Amino acid sequence: MSTARGIVENSTPAQPDQLCVNTIRTLSMDAVQQANSGHPGTPMALAPLVYTIWNRVLRFDPENPIWPNRDRFVLSNGHASMLLWSVLHLTGVQAVNASYETLGKPSVTLDDIRRFRQLDSKAPGHPEYHWVSGVETTSGPLGQGVATSVGMAIAEKWLAQHFNRPNFEIFDYNIYAVCGDGCLMEGVASEAASLAGHLGLDNLCWVYDNNHITIEGSTRLAFTEDVETRFLGYGWNVLRVGDANDLERIENALDIFRKTKGRPTFIVLDSHIGYGAPHKQDTAAAHGEPLGDEEIRLAKRSYGWPEQAKFFVPEGVYEHFAAGIGTRGADARRKWLQLFDAYRAKYPHLAMEIDLLERRELPAGWDRNLPVFPADPKGLAGREASGKVLNLLAQNIPWFLGGSADLGPSNKTTLTFPGAGDFQADNPGGKNLHFGIREHAMAAIVNGLSLSKLRAFGATFFIFSDYARPAIRLAAVMELPSLFVFTHDAMGDGEDGPTHQPVEHLASLRAIPGLITLRPGDANEVVEAYRYVMQRRHEPAVLVLSRQPLPTLDRSKYAPASGVAQGAYVLADCPGGNPEVIIIASGSEVTLAVQAHENLLTEGIRSRVVSMPSWDIFEHQPQPYRDSVLPPNVTARVAVEQASTFGWERYVGTSGQVVGMNTFGASAPLKELQRKFGFEPDHVVGAAKQQLRRK
């Protein structure tokens, strides 16, 4: 310990910076070694960058890590999470609970770092939003973090345009994202970077850790493109820092970013993975495994560090961070709060909107004029009903916005009311986002918008949910109220054939924990689906909607569509409510089930129709309610859905029957497809009778 104290006592003015950098490095090495798992090399290389961003540049108050106008820091190469855990600990970032209250205790303790990657440690293997205060987004799969950061940058632009007034710059924060070779190889990053360049997001800075190493070895094996020219082509401002240890050059590049207008900034940072490890620097061995005790000892020697000390924070390090980001962040937040008090006095309605959106609450009367559709045998397509609802919601909720992956006219998601506008570089207040044909980036950007507390949606054809699925899954992991609107949900676009007819997609999305998947059966169920999901504050939702018109059911004859809020409900029943057979359906097959039910009643067969738009919501209902909808003693059951039969046995039993898809579709008009695959009333009636004969 005396050696370490000597480092501080004999320091020159430049040495406290280096001491802090090496503290980040050594904490990272020690944590990975103790866990016998992790990635030490990147934290060793990027400690100077992260130190410079946090202690010299970032406008962030550790005492309140959810201050609305804070700068955002995203670690997209999340396997280097020890960079983040180290800096969150050293800067004293405070923990915040689910009610947005600071708890008076650190977000990440030194003991958490000692238990890196262990159960219940606040230093998990990758950054986890909600789990650790100070983490702006979960960044597990490479590329997700930088793509999400584009959503954060769009959100800041929109918030500034909507809320800022002369002399009141309420929102003017920046977004810093650190990424590596893996992020840039993943397609989602390319999609997002292209859109960011088009939109001129000058509040966005990506720093690329150019260390030439991946798990398999040198990047020469698979990645030799000219990254700088690529980003110039995207319309970014491209800078290069040739030495990742040069704090002054890093700070200068970040200063150029803040002064650059009209373009996002991409900084290429040349670094050495495993910096200071004499045998593993610049090798793949420093990437994804512990260095080993001897190599750590030698690396510490190269830093002038006490070789046997573990998890050591020298005297003066905490104080140096407190004098840097602590003082700067507290001062920035204090000035902002003073400004916001004056803003509230002059613009009370706008201030109230900010209060609501920051708590993920909705304004009073947000659903006041949602439509009630009259009974109509010709009906309305799910996408058409959705478009009407979206346009009302976007007018009732000022911070509700979204768009489509180049399918707005087909998804019916375009906001057409006066003043809606298109979000573009010269119109950052527009509510229509045009993502281009970039489904994966769209979903990640929607998450970035949601992380910024806006209510956002993204849309495409249901078949292309495959391209968006990784980001949808992360929305569920992060418990974000992101909304994904998918149309053309089954075989309604018949002639396009099996490549455009989703079969396994409902089962796939239903399998994601915490994701609400809703497939409404008529226009009024669409309305109630939106009413339900808009009230969720911590769950993402998928709405799966028809291309073709669906009859609007007569709700004076059948149960009200408000049953959607329970996930499944008794839509039609036999007299006396004592069914012999139950027909369960979702989406376009609900009307088919009703037709079969009416035919069965004319034959004296007591049937019940259960509309089941959401398995997830239904599974969260009390058992007595579920039993009232699906009485356990009624084992004759038929499920009807233009999708994979996988999973339906949980509701029809192993002996029940599913009228569904066991193959891919075909190219033909819809009626021919319905006939070929058995989606006709007589076929459902036959299945119901077969169930009764089984009894």
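Overview of the structure. (Residues numbered from 1 in each chain as written. Predicted model: local features only at pLDDT ≥ 70, side-chain atom pairs only at ≥ 80, totals over all residues. Heavy atoms only, no water.)

Residues lying three or four places apart along an α-helix face the same way, a consequence of the helix completing one turn every 3.6 residues. With 30 residues, helix H12 (residues 317-346) extends 43 Å from end C-alpha to end C-alpha; this agrees with the ideal 44 Å at 1.5 Å per step. Considering bend angle alone, the principal kink of H12 is centred on alanine 323 and spans about 30°. Of the positions making up H12, those classed as buried are Val317, Phe321, Gly324, Ile325, Gly326, Gly329, Ala332, Trp336, Phe340 and Tyr343. The secondary structure elements touched by the buried residues of H12 are helix H2 (15-35), helix H3 (41-57), helix H4 (81-90), helix H6 (144-163) and helix H13 (348-358). (Helix = DSSP H or I, 4+ residues; strand = E, 2+ residues; numbered from the N terminus. Expected span 1.5 Å × (residues − 1). Bend = angle between axes of the 7 residues up to and from the residue. Buried < 20%, exposed > 50% of the residue type's maximum accessible area, 1.4 Å probe, protein only. Contact = heavy atoms within 4.5 Å.)

What follows deals with the pattern of salt bridges. In total, this model carries 37 salt bridges according to the counting rule given. As a salt-bridge pair, aspartate 255 and arginine 258 come within 3.2 Å of each other at their nearest N and O atoms. Here aspartate 255 and its partner arginine 258 are both found in helix H10 (residues 247-259), three residues apart, which amounts to about one turn of the helix. Two residues, glutamate 619 and arginine 626, come together in a salt bridge whose shortest N-O distance is 3.5 Å. Taken together, the salt bridges that share partners define one network made up of Asp17, Arg56, Glu248 and Glu251. (Salt bridge = Lys/Arg side-chain N within 4 Å of Asp/Glu carboxyl O.)

Attention shifts here to the side chain of serine 271. Within the secondary structure, serine 271 is located in the loop between strand E9 (265-270) and helix H11 (293-303). You can call serine 271 buried: its relative accessible area is 5%. Polar side-chain contacts of serine 271 include one of 2.3 Å to the side chain of aspartate 209. When neighbours within four sequence positions are excluded, serine 271 is seen to be in contact with Ala45, Leu46, Asp209, Asn210, Asn211 and Ala244. (Polar contact = N/O pair within 3.5 Å; in protein donor to acceptor, adjacent residues only side chain to side chain.)

With that settled, consider the sheet that holds strand E21 (residues 637-644). With respect to topology, five strands assemble into an open sheet ordered E18-E20-E19-E21-E22, the strand pairing being mixed. The sheet is open, and its two edges are formed by strand E18 (569-572) and strand E22 (657-661), each paired on a single side. Along the sheet, successive strands turn relative to each other by an average axial angle of 25°, direction set aside. With four bridges joining them, strand E19 (residues 581-585) and E21 adopt parallel strand pairing. Counterpart to isoleucine 584 in the pairing with E21 is alanine 639. (Pairing = 2+ DSSP bridges. Axes fitted to C-alpha atoms, helices over the stretch in contact; angles between N-to-C directions.)

Interpretation note: all reported values are geometric properties and have no functional meaning in isolation.
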